[in-house]
Every structure is written in C-alpha cells, then in structure tokens.
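# Results of the structural survey
Residues per chain are reported as follows:
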Amino acid sequence: MTTIAVTAALPGRAPAMLAEAGAIRAAPGAGRLSREELLALVEGVDVAVTMLSDRVDDELLDAAGPALRGVCNVAVGFDNVDLAACAGRGVLVTNTPGVLDDATADLAFALILAARRRLGEGERLIRSGRPWEWSMGFMVGHDLRGGRLGIVGLGGIGARVAARGRAFGMEIAYHGRRESPHAADLDATRLDLEDLLATSDVVSLHTPLTPETRHLIGTRELALMKPTATLVNTSRGAVVDEAALVAALRDGEIGTAGLDVFEHEPDIHPGLLALENAVLVPHIGSATVETRAAMAELAAANAVAIARGETPPTPVPLP
Ligand code: DGY
C-alpha cells in the first residue's frame with residue numbers, strides 16, 4: 001500500500017483526494033512540525049506532501065529512505081527543496097504554480113497601495129491615541145497614476161501585478177532574463193536591472209530565490225533607486241539584503257517598502273520594526289481560503305499521480 005506523508009493539515013478536497021491514492025500519515029498537530037517530528041513523519045513513505053517551511057535535503061531524504069518517489073511542495077516556490085539531492089535519488093519534485101497568482105498579486109498590490117499612501121503609519125497613529133489634525137501637508141503619500149511600476153520577473157504573478165498597475169494608470173517596465181510572453185499585452189518595456197531600479201516609482205519583486213537571485217537587491221541596487229521609490233517583496237525574503245534595506249529606508253535612500261517575506265522567517269530584522277516607512281505582513285501572499293484550497297488540491301493531484309506511477313501535472317524540472 002502506498003503511504004503519503006502530509007506535513008500539515010490541508011484544506012479543501014485535498015485530504016479526500018490523497019486518501020483515495022494511499023494511506024495518509026498526517027502531521028500530529030495543527031502547528032509547524034519540529035525537525036525531529038518531520039524526519040519521523042516521512043520515514044518509509046512513498047510520497048511526501050511538504051510545506052515551504054519544511055527543508056527537504058539529504059537528511060530528510062535519508063530519513064524517508066529508498067521508497068520515496070515524490071516530494072510535492074504546497075507552494076509555487078521550491079527553494080526549500082534540494083533539487084540536486086532529489087534528482088540524485090530519482091525523487092520527483094512538484095510545486096503549485098498558477099493557482100496562487102491572483103491572490104499573491106492582490107497582496108502585492110495591497111502593499112503597494114499601503115506603502116504609497118502610508119496606511120500602516122496612519123493606522124498606527126490613530127490607534128496610538130496621539131493627537132492629529134488634517135492639514136495640507138499631513139501624511140501625504142504619492143499617486144500611482146502616472147508613475148512607473150517596475151516588475152522584476154514578469155511571470156504569472158508579476159504579470160498580474162502589472163495588470164493591476166495598468167488599471168491604476170501606471171506605466172509598466174520589467175526586468176527578466178528573457179522576453180516575457182506577457183509583455184506585449186501589458187505594453188511593458190524590458191529594461192536591465194539598473195535602469196529599472198533608477199526609473200521606477202514602485203519596484204515589485206517576483207523572482208524565485210536561487211543562488212543567482214540571493215541578495216539581488218542590496219546596498220548598490222538600493223542606492224540606484226529614487227529617494228521617493230517603494231520596494232515591494234512578495235517573493236522570498238533573501239532576494240533582498242534585509243540589513244541593506246533597513247539602512248536605505250532609515251537613511252532616505254528609498255521612500256518606503258512593503259514586505260510580505262523576510263530573510264530569516266519568522267524572525268524579522270529589528271531595524272525594520274522601528275521604521276514607520278515599512279509596511280510588514282507575515283508571508284500571507286497566498287493566504288486566502290480559496291487559494292489555499294486550490295494549492296492543496298494541486299499538490300494532492302501531483303501526489304496522487306506519483307503514487308499511481310503517472311506523470312504529475314506540475315513537475316519542477318530537475319537538474
Ligand atoms: C509560495 O507558494 O511560494 C508562496 O510563497 C506561498 O505563499
């Protein structure tokens with residue numbers, strides 16, 4: 001009998017889908033598993049359904065053993081999975097692309113609006129009970145209309161953020177290693193990273209975390225940005241050098257930031273917490289009832305296919 005480990009409780013139809021394909025070994029509690037619990041859970045299973053917070057490396061693959069045929073990550077990102085280690089053992093890896101594009105784009109755009117119009121700062125002021133009164137210059141932000149939205153990585157999520165930007169009257173530029181198939185529809189201009197950073201009013205990051213993109217945005221890149229610009233990150237925290245970002249926000253090298261992801265989650269650089277010009281939310285880009293169900297169901301469809309010896313719907317290309 002096929003055994004499928006599931007490292008967190010899944011919403012929607014996913015549990016029923018998995019149960020049809022094998023015996024489920026479920027995480028004991030509702031919270032995140034300790035490393036020891038995770039290694040014990042995967043021991044001897046055929047397929048593991050994993051979360052982005054589970055590190056899938058040689059240690060985990062050793063703990064799982066030779067029966068393991070697939071790792072089905074419930075996330076579009078798979079930087080938590082050592083692809084070479086999986087490939088070396090003939091273990092398939094899958095992710096959940098597409099189904100979270102709109103939810104993540106919505107959140108990125110919420111951060112853009114919050115940062116440009118100082119929503120976090122305003123909310124904190126009201127709740128503090130400190131006195132305030134309307135005046136011409138009080139808590140002014142920046143228009144979106146007429147500004148340039150620079151997208152780093154014009155894939156599924158980046159293109160949806162760009163579409164929202166167009167609806168708000170923004171001009172779209174993007175940076176990517178190759179031409180994006182979405183560019184023509186969005187009337188988006190492809191720029192090198194330096195030009196994009198120097199000319200954009202809002203820069204939104206939508207690149208996967210790889211050795212090449214780790215600290216893609218650091219001191220040098222932040223210095224290129226406009227002093228009024230906003231940096232938004234809903235991809236992975238380590239794409240940005242968080243210490244450099246704190247310095248840039250503090251010293252006025254850039255205007256504001258909207259962050260859903262952090263370099264050392266769940267820890268946050270203490271400097272960020274002290275900054276009024278940073279809007280911070282706890283990795284909730286895909287966190288809607290509908291999207292989380294769709295992600296879980298796609299991961300389950302991948303796991304079921306692997307369990308049955310079929311080609312999974314959304315495999316990650318292995319090195
Ligand atoms: C992903 O799927 O990679 C997202 O970060 C989840 O929110």
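Residues numbered from 1 in each chain as written. Predicted model: local features only at pLDDT ≥ 70, side-chain atom pairs only at ≥ 80, totals over all residues. Heavy atoms only, no water.

## Description of empty space enclosed by the protein
Tallied over the entire structure, the rule returns 1 cavity of 30 Å³ or more. Of the pockets and cavities examined, the largest cavity occupies roughly 40 Å³. Residue lining of the largest cavity: Asn-233, Gly-237, Val-240, Glu-242, Leu-245, Leu-259, Val-261 and Phe-262, and that is the complete set. Here the residues of the lining of the largest cavity sort into 5 nonpolar, 2 polar and 1 charged. (1 Å grid on protein atoms, 1.4 Å probe; cavity = no way out; pocket = protein on both sides within 12 Å on 5 of 7 lines; lining within 4 Å. Points joined across faces, edges and corners; volume = space filled by probe spheres on them. Nonpolar A, V, L, I, M, F, W, Y, C, P; charged D, E, K, R; others polar.)

## Structural notes on helix α11 (residues 242–250)
For α11, the set of buried residues is Glu-242, Ala-244, Leu-245, Val-246, Ala-248 and Leu-249. For α11, the secondary structure elements touched by its buried residues are α10 (219–224), β10 (230–233), β11 (256–259), α12 (270–273) and β12 (278–280). Looking one or two residues beyond α11, the residue adopting positive phi is Gly-252, at roughly 75°. (Buried < 20%, exposed > 50% of the residue type's maximum accessible area, 1.4 Å probe, protein only. Helix = DSSP H or I, 4+ residues; strand = E, 2+ residues; numbered from the N terminus. Contact = heavy atoms within 4.5 Å.)

## Thoughts on the packing of helix α1 (residues 14–21) against helix α13 (residues 289–307)
At a minimum axis distance of 9 Å, the contact between α1 and α13 shows a crossing angle of 5°. By the angle between their directions, the pair α1 and α13 is classed as roughly parallel. Contact residues: α1 offers Ala-14, Met-17, Leu-18 and Ala-21, while α13 offers Ala-296, Glu-297, Ala-300, Ala-301, Ala-303, Val-304 and Ala-307. Among the residues making up the contact of α1 with α13, the classes are represented as 10 nonpolar, no polar and 1 charged. (Axes fitted to C-alpha atoms, helices over the stretch in contact; angles between N-to-C directions. Parallel < 35°, antiparallel > 145°, perpendicular 65-115°, else oblique.)

## Structural notes on the pairing of strand β4 (residues 70–73)
Covered by surrounding structure in β4 are Gly-70 and Cys-72 together with Val-71 and Asn-73, the residues of both alternating faces. Viewed along the sheet, the connection from strand β3 (residues 47–50) through helix α3 (residues 58–64) into β4 turns out right-handed. Strand direction decides the pairing type here: β4 and strand β5 (residues 92–94), joined by 3 bridges, are parallel. If you follow Val-71 over to β5, its bridge partner there is Val-93. Viewed along the sheet, the connection from β4 through helix α4 (residues 83–88) into β5 turns out right-handed. (Right-handed = clockwise from strand over helix to strand, strands pointing away. Pairing = 2+ DSSP bridges.)

## Observations regarding the sheet that holds strand β9 (residues 202–205)
Ordered in space as β8-β7-β6-β9-β10-β11-β12, the 7 strands form an open sheet in which the pairing is parallel. A strand with exactly one partner marks an edge of an open sheet, and here the two such strands are β8 (189–190) and β12. With 4 bridges joining them, strand β6 (residues 148–152) and β9 adopt parallel strand pairing. Note on β9: the bridge partner recorded for Ile-151 is Ser-204. Packed onto the sheet, helix α5 (residues 101–116) meets β6, β9, β10, β11 and β12 and runs at close to 155° relative to β10. Running over the sheet, α11 touches β10, β11 and β12 and is turned about 145° from β11.

## A few points about the layout of surface pockets
A volume near 180 Å³ is recorded for the second largest pocket. For the second largest pocket, the lining is made up of 17 residues, of which Ala-115, Arg-118, Glu-121, Gly-255 and Thr-256 are closest to its centre. Among the secondary structure elements, those contributing two or more residues to the lining of the second largest pocket are α5, α6 (119–128) and β12.

## Some words on the domain arrangement of the protein
Considered domain by domain, the protein is made up of domain 1 (3–97 + 289–307) and domain 2 (101–280). On a C-alpha basis, the centres of domain 1 and domain 2 stand 32 Å from each other. (Domains from an automatic or database assignment.)

## Some words on the site of the ligand
In the vicinity of the ligand, the contacting residues are Leu-52, Ala-75, Val-76, Gly-77, Leu-100, Arg-236, His-283, Ser-286, Arg-292 and Met-295. Measuring from an oxygen atom of the ligand, one finds a side-chain N or O atom of His-283 at 2.8 Å. Here an oxygen atom of the ligand sits 2.8 Å away from a polar atom, N or O, in the side chain of Ser-286. Coverage of the ligand by the protein chains reaches 93% of its 230 Å² of free accessible surface. Taken together, the residues that form the shell around the ligand break down as 5 nonpolar, 3 polar and 2 charged. (Near = heavy atom within 4 Å. Polar contact = N/O pair within 3.5 Å; in protein donor to acceptor, adjacent residues only side chain to side chain. Areas by Shrake-Rupley, 256 points an atom, 1.4 Å probe, with all protein chains shown as cover.)

## Quick word on the nonpolar core
Within the largest apolar cluster, 47 residues are counted, with the highest numbers of intra-cluster contacts made by Leu-10, Leu-18, Val-49, Leu-149, Leu-154 and Val-161. Among the domains, domain 1 (3–97 + 289–307) and domain 2 (101–280) are the pair contributing at least three residues each to this core. When residues no more than four places from it in sequence are discounted, the contact partners of Leu-149 are Phe-109, Ile-112, Val-161, Ala-162, Gly-165, Met-170, Glu-171, Ile-172, Ala-173, Ser-200, Val-202 and Ser-204. The next biggest cluster of nonpolar side chains, apart from the first, holds 30 residues, and it includes Ala-173, Val-203, Ala-229 and Ala-278. (Core = buried A, V, L, I, M, F, W, Y, C linked by side-chain atoms within 4.5 Å.)

## Description of the pairing of strand β1 (residues 3–6)
A two-sided burial pattern is seen for β1, the buried positions comprising Thr-3 and Ala-5 on one face and Ile-4 and Val-6 on the other. The β-α-β motif built from β1, the intervening α1 and the parallel element strand β2 (residues 23–26) has right-handed crossover chirality. Looking at chain direction, β1 and β3 are connected through 3 bridges and run parallel. What sits directly across from Val-6, in β3, is Val-49.

## As for the pattern of salt bridges
A full pass over the atoms with the stated rule returns 22 salt bridges. Put simply, Arg-69 and Asp-46 hold a salt bridge, and the shortest N to O gap is 3.8 Å. Placement of Arg-69 in the loop between α3 and β4 and of Asp-46 in the loop between α2 (35–42) and β3 is noted, with a sequence separation of 23 residues between them. On the accessibility criterion, Arg-69 (30% relative accessible area) is partly exposed. One salt bridge connects Glu-59 with Arg-55, and the closest N-O pair in it is separated by 3.8 Å. Three or more residues are tied together by salt bridges with common partners; here these are Asp-101, Asp-102, Asp-106, Arg-160 and Arg-164. (Salt bridge = Lys/Arg side-chain N within 4 Å of Asp/Glu carboxyl O.)

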